[in-house]
Amino acid sequence: MDFLEQLFARLPAEPAPVRGLWIGPYWTAVQTDRGAGLATTCLDAGPTHGEHAQRMAGAGELVGRDARDLAAGVASAFPLARSVGLAALNALLPEPQGRVTERNAGELAAELGAGKTVGVVGWFPFIPQLRQVAARVEIFEKDPETGYGLTPERAARLAACDGVCVTASALVNRTLDGLLAAARPGAWKLLVGPSAPLCREALDLGFAAVCGARVTDVAAVVRVIQEGGCFQQIRRTGGVRLLNLEA
C-alpha cells in the first residue's frame, strides 16, 4: 500500500457528494461541500479511440457520487483515475494544521539550497532564481525513452544532491517512492505543486515542507482548466492560495 492509499484509508467515513469534476489536458479538479482539490492530469500513451481506448469508468455519472468513491482511484493502475483520485482526496482534506506559511516555495528552496547542490525533479518557475544561489542545480525531467524511470545515472546524480525539490506529480506517476529511496540520507526534501496533499502525513515521508495549493474560487480555476490553461494561468486568476506546511 503506497502513501496515497494509506492517506485514503484515513479519510473520514462521512459521505461528501461530488459537486463538480473537471478534467483538462493539464489539470484535474474535484469539488465537494468540503472544498475543491487539484491534481495534475496524467494519461497513458495508449489509444484514445476504439474498443481499447482509455476511459474513465462511470464517466457522465460521477457528479453526485461520494467523493470517497473517486478518491479510491489513487490505487488504480489507470493514470487518469489516479489524477481524479488525488484531486478528490485533496478536496476532502481539512485545512492544514501546524506551521503554515504563504511564502513562495522558491523562497524556501533558495533558503535551504544556498551554496548547495540541489536536485529538482520536474520544472518550476523558481529554477532560475535557485540557480543564482545554489552551487549547482541538477534537473530531472521526463526522458523521451525512459520516461520517469530512475535509471542508474539519474539515481547517482540524485544521491549527490544536498537537497531535492520533488514535483507532487510524482504521486500520480508513482515515482515518489523510488526518488525518496535514491536521495542521500539526511538530504532535505520539498514536495512541491498543487497536487501535493497538505497534511501532516505527507511531512512524515521525510519532507522539510509540503508546498501545495488550496482552491478559493472554484469558478475562476475551472474556467482556466476547461480552456487548457497551465497552473501559472490559474494563479493569475487569484483563485488559489499557495501554502507551505513546514515540519
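Description of the structure in this document. (Residues numbered from 1 in each chain as written. Predicted model: local features only at pLDDT ≥ 70, side-chain atom pairs only at ≥ 80, totals over all residues. Heavy atoms only, no water.)

According to the stated counting rule, one finds 2 aromatic pairs in the structure shown. Considering the side-chain rings of W27 and F231, the 5.7 Å spacing of their centres and the 55° angle between planes classify their relative orientation as tilted. With W27 in strand β2 (residues 27-32) and F231 in helix α10 (residues 231-236), this residue pair connects regions lying 204 residues apart in the sequence. Owing to a relative accessible area of 11%, W27 belongs among the buried residues under this scheme. Seen from the ring of F8, R68 lies directly overhead, with NZ or CZ sitting 5.0 Å from the centre. The cationic tip of R157 hangs over the ring face of F140; the distance from NZ or CZ to the ring centre is 4.3 Å. (Phe/Tyr/Trp six-rings, centres within 6.5 Å; stacked < 30°, edge-to-face > 60°. Helix = DSSP H or I, 4+ residues; strand = E, 2+ residues; numbered from the N terminus. Buried < 20%, exposed > 50% of the residue type's maximum accessible area, 1.4 Å probe, protein only. Lys NZ or Arg CZ within 6 Å of the ring centre and 35° of its normal.)

Time to look at empty space enclosed by the protein. A complete count under the given rule lists 1 cavity of 30 Å³ or more for this structure. Size it by volume and the largest cavity reaches roughly 80 Å³. Taken together, A36, G37, L38, N90, L93, P194, A196, P197, L198, A213, R214 and V215 make up the lining of the largest cavity. Residue assignment for the lining of the largest cavity shows that the elements contributing at least two residues are β3 (35-40) and β9 (209-215). (1 Å grid on protein atoms, 1.4 Å probe; cavity = no way out; pocket = protein on both sides within 12 Å on 5 of 7 lines; lining within 4 Å. Points joined across faces, edges and corners; volume = space filled by probe spheres on them.)

Take the environment of T167 next. Residue placement: T167 occurs in strand β7 (residues 163-167). Counting along the chain gives 125 residues from T167 to C42, while the straight-line C-alpha distance between them is 13 Å.

Although it is not a glycine, R174 sits at a positive phi angle of roughly 60°. Topologically, R174 is positioned in the loop between β7 and α7 (176-182).

With that settled, the discussion passes to the nonpolar core. A general trend in soluble globular proteins is that nonpolar side chains are found buried together. Counting residues in each nonpolar core, the largest one holds 53 residues, and the members touching the most others are V30 and L70. Elements supplying a minimum of two residues to this core: α1 (3-9), β1 (18-23), α2 (67-71), α3 (79-92), β7, α7, α8 (200-203) and β10 (240-246). When residues in this core are grouped by element, the largest group, 9 residues, is from α3. Sequence-distant contacts of V30, that is, excluding residues within four places in its chain, are made with V18, G20, L21, G35, A36, G37, L70, V84, A87, A88 and A91. Core analysis: the next-biggest nonpolar cluster, separate from the first, contains 17 residues, V118, L130, V137 and L190 among them. (Core = buried A, V, L, I, M, F, W, Y, C linked by side-chain atoms within 4.5 Å. Contact = heavy atoms within 4.5 Å.)

The buried count for strand β8 (residues 188-192) comes to 5 of 5 residues, which makes it a mostly enclosed element. In β8, alternate side chains face the same way, and those of W188, L190 and V192 on one face and K189 and L191 on the other are all buried. Looking at chain direction, β7 and β8 are connected through 5 bridges and run parallel. Residue pairing for β8: C165 is matched across the bridge by L190. Handedness of the crossover joining β7 and β8 through α7 is recorded here as right-handed. In the sheet, β8 pairs with β9 via 3 bridges, with the strands oriented parallel. Paired with L191 across the strands is V210, a residue of β9. (Pairing = 2+ DSSP bridges. Right-handed = clockwise from strand over helix to strand, strands pointing away.)

This brings us to the layout of surface pockets. Reported here for the largest pocket is a volume of approximately 1400 Å³. If you trace the largest pocket, you find 49 residues lining it, with W27, W123, F124, T167 and S169 closest to the centre. Of all elements in the fold, only β9, α10 and β10 reach the threshold of two or more residues within the lining of the largest pocket. Looking at the lining of the largest pocket, the element that brings in the most residues is α10, giving 4 residues.

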